[in-house]
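# What the coordinates show
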Amino acid sequence: MSDDNDKVRRNLVMASAVIVFSYWLDISLAKIIERLSGVSHVEATEWRLWVIGFSLMIYLMLRYNFSKEGHAYRSAIATEVKNQRFSKTLWLVEKEANRFTKTGYESPIFKESLNEAIANQTLQRNRRDLLKKGIRPYVRPQIYEQGQTAWEHKFTLTTVYPDGMGATSGGRAIDVMIDKTRHRFLINAWAYLHAHLYTEASITNAVPVYMGTLAIGVLWMKVIAGYA
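Residues numbered from 1 in each chain as written. Predicted model: local features only at pLDDT ≥ 70, side-chain atom pairs only at ≥ 80, totals over all residues. Heavy atoms only, no water.

Assigned secondary structure in the protein chain consists of 8 helices and 4 strands. Listing the helices and strands of the protein chain from first to last along the sequence gives α-α-α-α-α-α-β-β-β-β-α-α. Residue burial in the protein chain is summarised as follows: out of 228 residues, 36% are buried. Expressed as a percentage of contacts within the protein chain between residues at least 6 apart in sequence, the contacts between residues at least 24 apart total 61%. Of the roughly 13,900 Å² of accessible surface on the protein chain, 58% is carried by carbon and sulfur atoms. (Helix = DSSP H or I, 4+ residues; strand = E, 2+ residues; numbered from the N terminus. Buried < 20%, exposed > 50% of the residue type's maximum accessible area, 1.4 Å probe, protein only. Contact = heavy atoms within 4.5 Å. Areas by Shrake-Rupley, 256 points an atom, 1.4 Å probe, with all protein chains shown as cover.)

Time to look at the environment of Leu 49. Structurally, the position occupied by Leu 49 is in helix H3 (residues 46-66). Each C-alpha atom of the pair Leu 49 and Ile 33 lies 9.3 Å from the other, and the pair is 16 residues apart in sequence.

All right, on to the packing of aromatic side chains then. One pass over the structure, following the stated rule, counts 2 aromatic pairs. Judged by centre distance (5.6 Å) and plane angle (40°), the rings of Phe 54 and Trp 220 are tilted. Note that Phe 54 is positioned in helix H3 and Trp 220 in helix H8 (residues 200-227), a separation of 166 residues in sequence. Look at Trp 220 and you get partly exposed, because its relative accessible area is 47%. Its end group placed over the ring of Trp 190, Lys 88 keeps NZ or CZ at 4.3 Å from the ring centre. (Phe/Tyr/Trp six-rings, centres within 6.5 Å; stacked < 30°, edge-to-face > 60°. Lys NZ or Arg CZ within 6 Å of the ring centre and 35° of its normal.)

Take the packing of helix H4 (residues 68-103) against helix H7 (residues 181-197) next. Two elements in contact, H4 and H7, have axes whose closest approach is 8 Å; the angle formed by their N-to-C orientations is 135°. Judged by the angle between their axes, H4 and H7 are oblique. Crossing handedness for the pair H4 and H7: right-handed. Seen from H4, the contacting residues are Tyr 73, Ile 77, Glu 80, Val 81, Gln 84, Arg 85, Lys 88, Thr 89, Trp 91 and Leu 92; seen from H7, they are His 183, Ile 187, Asn 188, Trp 190, Ala 191, Tyr 192, His 194, Ala 195 and His 196. In the contact of H4 with H7, the residues fall into 10 nonpolar, 6 polar and 3 charged. (Axes fitted to C-alpha atoms, helices over the stretch in contact; angles between N-to-C directions. Parallel < 35°, antiparallel > 145°, perpendicular 65-115°, else oblique. Left-handed = near helix turned anticlockwise from the far one by under 90°. Nonpolar A, V, L, I, M, F, W, Y, C, P; charged D, E, K, R; others polar.)

Counted by the stated rule, this structure contains 4 salt bridges. For the salt bridge of Arg 99 with Glu 96, the shortest nitrogen-to-oxygen distance reads 3.4 Å. One end of the pair, Arg 99, and the other, Glu 96, are both in helix H4, 3 residues apart, so they sit about a helical turn from each other. The shortest N-O distance in the salt bridge between Asp 175 and Lys 154 comes to 2.5 Å. Placement of the pair is Asp 175 in strand E4 (residues 174-177) and Lys 154 in strand E2 (residues 152-160), with a sequence separation of 21 residues. The network of salt bridges with common partners includes Lys 95, Glu 96 and Arg 99. (Salt bridge = Lys/Arg side-chain N within 4 Å of Asp/Glu carboxyl O.)

Right, let's get into helix H1 (residues 8-24). An ideal rise of 1.5 Å per residue puts 24 Å on 17 residues; H1 measures up with 24 Å between its terminal C-alpha atoms. For H1, the full list of buried residues reads Val 8, Asn 11, Leu 12, Ala 15, Ser 16, Ala 17, Ile 19, Val 20 and Ser 22. Among the residues trailing H1, Asp 26 stands out with phi positive, at a value near 55°. (Expected span 1.5 Å × (residues − 1).)

Set out below in structure tokens:
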């Protein structure tokens, strides 16, 4: 196993996979080392081998953390979390705007500006007519001005009518402020999970970290069990 800088990620993945598979398939680590090294017989207890493996995994994780790929991973994930947080905020705005068209309830994130923005005489009359027919318009928000934080932006709203009835702009931009702790927690949690589990950055750069963390956990359990 070469320790060159361009092979840090590969080494971490390979070592993690060997440790996890040996644990899951209940294969002696000594046998795996014999096969990989070509040594006919490894003179060491299994517990000592787990300690060596634990030390090796800590080293490989640190190598990856300080490597160029490790820095790229942190940068890519941070950018992805920011993008996902904005995407989830847009989803919440769209959800709450459409909740208004269906129920008349205006979410506090709009600071009492939604009704004024989309319920002008034409839209209000169309809305009443549509509701009488059981037809619900659909509101599509669009970013007008991005705020300094993830929680405050300006949006314009377009009301889209079904069955080819056309679309009507909601006019002026409205301020959206997400200040409830519950909303912020849900958006942050969703953004972090999405960024770490289902993005190109996570698949390309974060998988070695996940595998390494799992392998270290397995080794730690083995070391503690052997020591006890």
